[in-house]
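So you can see what is in the structure, the chains are spelled out below.
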Amino acid sequence: MKSMRILAGSMVLLIAVSACSPEADKQPTTAPQEATAATSASEVQHGKGEGTITAIDAAKGTVTLDHGEIAALKWPPMAMGFKAPSDLLKGLKIGDRVAFELDWNGAEGSITRIEAKSAP
Ligand SMILES: [Cu+2]
């Protein structure tokens, strides 16, 4: 009888442990990551504008634009560099007037669309 009670007691303990441990393991590891991802995603802003290419480096994946006002980001006209996938830069050259869109993460802009505009 005594050994049965010990067995029953240890089974209850086993069930209790296995029932709590997945939850206990999950929360500390996944919750902060999800919170971080959500925060950084909401910080990315999207804007569009027009400008002139003043420098281009397809190998590095950068383009420098002398761009006009970007209302969505509350930016005045300025010259600045952006990251740009090299396939988007194909066929573009210094001096081209372009229409472009970008994602701004608060520190750097990534071109998501860029197209040469035909001369007026
Ligand atoms: Cu700018």
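Let us look at the structure shown here. Quick caveat: nothing in here was measured; it's all calculated off a predicted structure.

1. What to know about the overall build of the protein chain
The helix and strand inventory of the protein chain stands at two helices and five strands. Ordered by position from N to C terminus, the α and β elements of the protein chain give α-β-β-β-α-β-β. Taken across its 120 residues, the protein chain has 22% of its residues classed as buried. In the protein chain, of all internal contacts separated by at least 6 residues, the share reaching a separation of at least 24 is 50%. Total accessible area on the protein chain stands at roughly 8300 Å², and carbon and sulfur atoms take up 61% of it.

2. Some points on unusual backbone geometry
Despite not being glycine, K74 has its phi angle at roughly 60°, a positive value. Following the sequence through the fold, K74 ends up in the loop between β2 (62-67) and β3 (78-83). Classification of K74 by relative accessible area gives exposed; the value is 75%.

3. As for the coordination of the copper ion
With distances of 2.0 to 2.5 Å, the protein atoms coordinating the copper ion are H67 (NE2), M78 (SD) and M80 (SD). For the copper ion, the single-chain donor residues occur in sequence as H-x10-M-x1-M. Residue H67 is found in strand β2, and its partner M78 is found in strand β3; the two are separated by 11 residues along the sequence. The buried category is assigned to H67, whose relative accessible area is 3%.

4. Let's talk about the pairing of strand β5 (residues 109-116)
One ladder, built from seven bridges, connects strand β4 (residues 97-104) with β5; its direction is antiparallel. The residue of β5 that forms the bridge with F100 is I114. Where β4 folds back onto β5 in an antiparallel hairpin, the turn is made up of four residues, including G106, whose phi is positive at roughly 100°.

5. Considerations on the nonpolar core
Counting 17 residues, the largest nonpolar core has V63, L65, W75, F82, F100, L102 and I111 as its most contacted members. Listing elements by their share of this core, those giving two or more residues are β2, β3, β4 and β5. It is β4 that contributes the most residues to this core, four residues altogether. With residues near it in sequence (within four places) discarded, F82 still touches G61, T62, V63, L65, H67, W75, F100, L102, G109 and I111.

6. Quick look at the packing of aromatic side chains
One pass over the full model with this rule turns up two aromatic pairs. Seen in terms of ring centroids, W75 and W104 are 4.8 Å apart; in terms of plane orientation they differ by 85°. Their pairing is edge-to-face. Of this pair, W75 sits in the loop between β2 and β3 while W104 is found in strand β4, placing the two residues 29 residues apart along the sequence. Take W75 and W104: they sit in the same class, and that class is buried. Considering the side-chain rings of F82 and F100, the 5.8 Å spacing of their centres and the 50° angle between planes classify their relative orientation as tilted. Of this pair, F82 sits in strand β3 while F100 sits in strand β4; the two residues are 18 residues apart in sequence, bridging distant segments of the chain. Across this residue pair, the class does not change: F82 and F100 are buried.

Rules of the game
- Residues numbered from 1 in each chain as written.
- Predicted model: local features only at pLDDT ≥ 70, side-chain atom pairs only at ≥ 80, totals over all residues.
- Heavy atoms only, no water.
- Helix = DSSP H or I, 4+ residues; strand = E, 2+ residues; numbered from the N terminus.
- Buried < 20%, exposed > 50% of the residue type's maximum accessible area, 1.4 Å probe, protein only.
- Contact = heavy atoms within 4.5 Å.
- Areas by Shrake-Rupley, 256 points an atom, 1.4 Å probe, with all protein chains shown as cover.
- Donors = N, O, S within 2.8 Å, 3.2 Å for Na, K, Ca; no water.
- Pairing = 2+ DSSP bridges.
- Core = buried A, V, L, I, M, F, W, Y, C linked by side-chain atoms within 4.5 Å.
- Phe/Tyr/Trp six-rings, centres within 6.5 Å; stacked < 30°, edge-to-face > 60°.

So yeah, pure geometry; function would need other evidence.
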